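Tertiary structure, described
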Amino acid sequence: MDALDRLAEPGLDLLARVDTLLAAGAPEGHRLWPLLRRIQVLPGAAVREFLDLHPAPLADAGHAVRRLIRGYDDACTMLADPVAWSGPAASAYDEARTTLLRHLDEGPESLVGRLESTAGYADALADWVEGSRLALARALADVLPSAEAVTVHAATRVGGDDRAGALAAAEIATRVLGVLGVAYDGAETLLRQWAPSLAESTWRERPTGVRAANSTMRIG
């Protein structure tokens, strides 16, 4: 359990009240409007969704992918052993063996390269979730004891001042959605950064010039 989990119950109670007040509309011209248009969800609903994100499963996924790499390393070790026979069949096998080695573990576009990138992406997402949850917890810790929270609680009781409550709710929502907006920006940045390294690994034949040179060396 992290800080966000510990603040979830009181935080969601406050934000449910905020959502209720904002359902009738935020104050005209308030700085909350751009955030609402962008995120398209009220803060209580947004935080409830975010609470389901945890870094541990992503970190575990990265470890699991790295364990797969060991199997590829073992296969590459066996393929790297030269054959002790000669002739056309040996030459064909050697070329196929070299091409397979290249596909398995030669550069970032190989299968091992893509696995390493996938593990790195999982680690980066885990770090993003952990940092975003901490930032959201700090935002909740700030708004829970605030004067705006007191006003929101009063406004959601019978006889409360709806106008003052709506303004206080908009202030709280702005702080919470602002943190979530930064978190979403971080996720989009990660995807842009890692996308080229996560593309499908395609079969790569050895360059024609290399095959021709090897054939010439065998003939000679």
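It should be noted that the structure appears before, not after, this text.
These notes cover the structure that comes with them. (Residues numbered from 1 in each chain as written. Predicted model: local features only at pLDDT ≥ 70, side-chain atom pairs only at ≥ 80, totals over all residues. Heavy atoms only, no water.)

Section: the overall build of the protein
- If you tally the helices and strands in the protein, you get nine helices and zero strands.
- For the protein, the α and β elements follow one another from N to C terminus as α-α-α-α-α-α-α-α-α.
- For the protein, the proportion of contacts with a sequence separation of at least 24, taken over those separated by at least 6, is 82%. (Helix = DSSP H or I, 4+ residues; strand = E, 2+ residues; numbered from the N terminus. Contact = heavy atoms within 4.5 Å.)

Some points on the pattern of salt bridges
- Inspection of every chain in the model, using the stated rule, returns seven salt bridges.
- With a closest N to O distance of 2.9 Å, Glu171 and Arg31 form a salt bridge. One end of the pair, Glu171, is in helix α8 (residues 162–194); the other, Arg31, is in the loop between α1 (3–22) and α2 (32–39), with 140 residues separating them in the sequence.
- Arg66 is the partner of Asp123 in a salt bridge, and the nearest nitrogen-oxygen pair spans 2.7 Å. With Asp123 in helix α6 (residues 111–143) and Arg66 in helix α4 (residues 55–80), this residue pair connects regions lying 57 residues apart in the sequence.
- The exposure class assigned to Asp123 is partly exposed, which follows from its relative accessible area of 24%.
- A single network of salt bridges, built from pairs that share partners, joins Asp2, Asp5 and Arg133. (Salt bridge = Lys/Arg side-chain N within 4 Å of Asp/Glu carboxyl O. Buried < 20%, exposed > 50% of the residue type's maximum accessible area, 1.4 Å probe, protein only.)

Some remarks on the packing of α6 against α8
- For the pair α6 and α8, the least separation of the axes is 10 Å and the interaxial angle reads 170 degrees. The orientation of α6 with respect to α8, classified from their angle, is roughly antiparallel.
- Here the residues of the contact of α6 with α8 are counted per class, giving 18 nonpolar, four polar and two charged. (Axes fitted to C-alpha atoms, helices over the stretch in contact; angles between N-to-C directions. Parallel < 35°, antiparallel > 145°, perpendicular 65-115°, else oblique. Nonpolar A, V, L, I, M, F, W, Y, C, P; charged D, E, K, R; others polar.)

Structural notes on the environment of Leu12
- Tracing the sequence through the fold places Leu12 in helix α1.
- Each C-alpha atom of the pair Leu12 and Leu140 lies 9.4 Å from the other, and the pair is 128 residues apart in sequence.
- Beyond its immediate stretch of four places on either side in the chain, Leu12 contacts Gly44, Val47, Arg48 and Leu51.

Focus: a negative patch on the surface
- A grouping of Asp73, Asp74, Asp105 and Glu116 is seen on the molecular surface, where their side chains present a negatively charged patch.
- Tracing the sequence through the fold places Glu116 in helix α6. (Patch = residues over 30% accessible without salt bridge, like charges linked within 9 Å, V, L, I, M, F, W, Y side chains within 5 Å. Areas by Shrake-Rupley, 256 points an atom, 1.4 Å probe, with all protein chains shown as cover. Lys, Arg positive; Asp, Glu negative; His and termini not counted. Charge placed at Lys NZ, Arg CZ, Asp CG, Glu CD.)

Some points on the nonpolar core
- Judged by nonpolar contacts, the single largest core of 38 residues is most densely connected at Val18, Leu32, Ile172 and Leu180.
- Elements that contribute at least two residues to this core include exactly α1, α2, α3 (43–50), α6, α7 (147–155) and α8.
- If near-sequence neighbours (up to four positions away) are discounted, Ile172 is found in contact with Leu14, Leu15, Val18, Val143, Glu148, Ala149 and Val152. (Core = buried A, V, L, I, M, F, W, Y, C linked by side-chain atoms within 4.5 Å.)

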